[in-house]
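# Chains, contacts and geometry: an overview
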Amino acid sequence: MDHVLSVDQFDRSMLEDLFKRADAMRELVKTDGGDDRLAHHVTANLFYEPSTRTSSSFAAAMYRLGGQVISINDVQYSSVAKGETLEDTIRTLGQYADAIVLRHSEMGTAAIAASVSTVPIINAGDGVGEHPTQALLDLYTITTEFEQVDGLTITLVGDLKNGRTVHSLAQLLNNFDVKLRFVSPESLQFPAELAKNLTNETTFSTDLESTLKDSDILYVTRVQKERFDSVESYEAVKNSYVITNDTLAHMKPSARIMHPLPRVGEISSEVDSDPRAAYFRQVENGLYIRMALFDMLIKH
Ligand code: NCD
């Protein structure tokens, strides 16, 4: 694997291999904190959009494997502010770093970066396109929370139009036999052109209530304010679904609530203490998945 651009690069045996490596990384972090296998290696975090978890977990992953990180987390302080192109920025960072983690506001930019890059590009979110490493950590979390992925009913709720994490996760789940329930406001439906690539049974609805009883996983997402044309159009849909203890009362005792985070009101904090709330375990798993990815991608 040269780059990580899309979930469609992953088949079931690669996922099994990656998740085994992530398990080993969990063990390593818990016992020794990390090791030095990537000593004298350098990655670059190049973020054209805000990030907390993705940028810091990729940085922590590198540090825990003995490497170092160049962090351009605010492109306003780089030559991008002078008008430098993405291509030239990538060519430059490739002279210093062994891999580049890129987040950008435009769909397709990770692929453009990969076409000029001499080092692996990891897509950390390209606009409303994909966020493959989030989907990998989401799926890894599912495998740690359930005995098996096959047979699960997974309800994806929120901004399914603009949310790149659901675009990637729904597609990654093509590797398994699951039922997908898409619940969103009419205007924020999962894109039809992406839905036609899905191999699992899918249903589309605006009504969350009726899906709760059967759902094994409720994957909640933030309404993506930054993708709206006006504040008014965002305000009109932002509180469409709010998960509370009352929502959980309608769900199976074995169900899980997931969220890529950040949340901005769509999951009430009272839910956090319910053992079914898995979103902070997702955060933890993100570190192990990103350590495993660097271990696979960076020659050492
Ligand atoms: C997500 C993203 O950036 O797409 N965040 C993340 O990486 N965990 C989700 C979001 O911003 O809503």
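So, a few notes on the structure that sits alongside this text. Keep in mind it's a predicted model, so treat the numbers as computed, not measured. Residue numbering note: each chain is counted from 1, following its sequence as written. pLDDT decides what is reported in this predicted model: residues at 70 or higher carry local features, side-chain atom pairs at 80 or more are listed and counted, and totals for whole chains, interfaces and linings draw on all residues regardless. Heavy atoms from the whole structure form the basis of all side-chain values; hydrogens and water molecules are not counted.

### What to know about the pattern of salt bridges
Salt-bridge detection follows one rule: a side-chain nitrogen of Lys or Arg within 4 Å of a carboxyl oxygen of Asp or Glu. Applying the stated criterion across every chain yields a total of 18 salt bridges. Here Asp-150 makes a salt bridge to Arg-12, at a shortest N to O gap of 2.8 Å. Here the residue Asp-150 occupies a position in the loop between helix 5 (132–145) and strand 5 (153–157), and Arg-12 occupies one in helix 1 (residues 12–32), the gap between them amounting to 138 residues. Summary of the burial criterion: residues with accessible area below 20% of their type's maximum are buried, those above 50% are exposed, and those between are partly exposed, where the area comes from a 1.4 Å probe applied to protein chains only. Using a relative accessible area of 24% as the deciding quantity, one classes Asp-150 as partly exposed. Measuring nitrogen to oxygen at the nearest pair gives 2.8 Å for the salt bridge that ties Lys-252 to Asp-216. With Lys-252 in the loop between helix 10 (245–249) and strand 9 (256–258) and Asp-216 in the loop between helix 8 (209–212) and strand 8 (217–220), this pair connects stretches of sequence that are 36 residues apart. For Asp-216, a relative accessible area of 9% translates into the label buried. Connected through salt bridges with shared partners, the residues Asp-17, Arg-21, Asp-35, Arg-37 and Asp-295 form a single ionic network. For the purposes of this entry, the term helix denotes a DSSP run of H or I that reaches at least four residues, the term strand denotes a run of E that reaches at least two, and both are numbered from the N terminus.

### Digging into the sheet that holds strand 6 (residues 179–183)
One open sheet accounts for five strands, arranged 7-6-5-8-9; its pairing is parallel. Strands at the two margins of the open sheet, each flanked by one partner only, are strand 7 (201–205) and strand 9. Direction aside, neighbouring strands of the sheet carry axes that sit 20 degrees apart on average. Paired strands are those between which DSSP finds at least two bridges. Judged from the four bridges that link them, strand 5 and strand 8 form a sheet pairing that is parallel. Counterpart to Thr-155 in the pairing with strand 8 is Leu-218. What makes two residues a contact is simply this: any of their non-hydrogen atoms within 4.5 Å. Note on definitions: angles span 0 to 180 degrees between N-to-C directions of axes, and those axes are lines fitted to C-alpha atoms, for helices only across the stretch in contact. Contacts from helix 5 reach strand 5, strand 8 and strand 9 within the one sheet, and its direction differs from that of strand 9 by about 165 degrees. Sheet strands in contact with helix 6 (residues 164–172) are strand 5, strand 6 and strand 8, and its direction is about 145 degrees off that of strand 8.

### Let's talk about the site of the ligand
Around the ligand, a shell composed of Thr-54, Arg-103, His-131, Gln-134, Arg-164, Thr-165, Arg-222, Gln-224, Pro-260, Leu-261 and Pro-262 is seen. For the purposes of these results, a polar contact is taken to be a pair of N or O atoms within 3.5 Å, where, inside protein, one atom must be able to donate a hydrogen and its partner to accept one; residues adjacent in sequence count only when each atom of the pair is a side-chain atom. At 3.0 Å from an oxygen atom of the ligand is found a side-chain nitrogen or oxygen belonging to Arg-103. Contact distances for the ligand include 2.8 Å between an oxygen atom and a side-chain N or O atom of Gln-224. A 1.4 Å probe and the Shrake-Rupley method give the accessible areas. Residues count as covered only by the protein chains that appear here. The protein chains hide 93% of the 320 Å² of surface that the ligand would expose on its own. Definition of nearness: a residue and a molecule or strand are near each other if at least one heavy atom of the residue lies within 4 Å of the molecule or strand.

Function-wise, these values are silent; they only describe arrangement.
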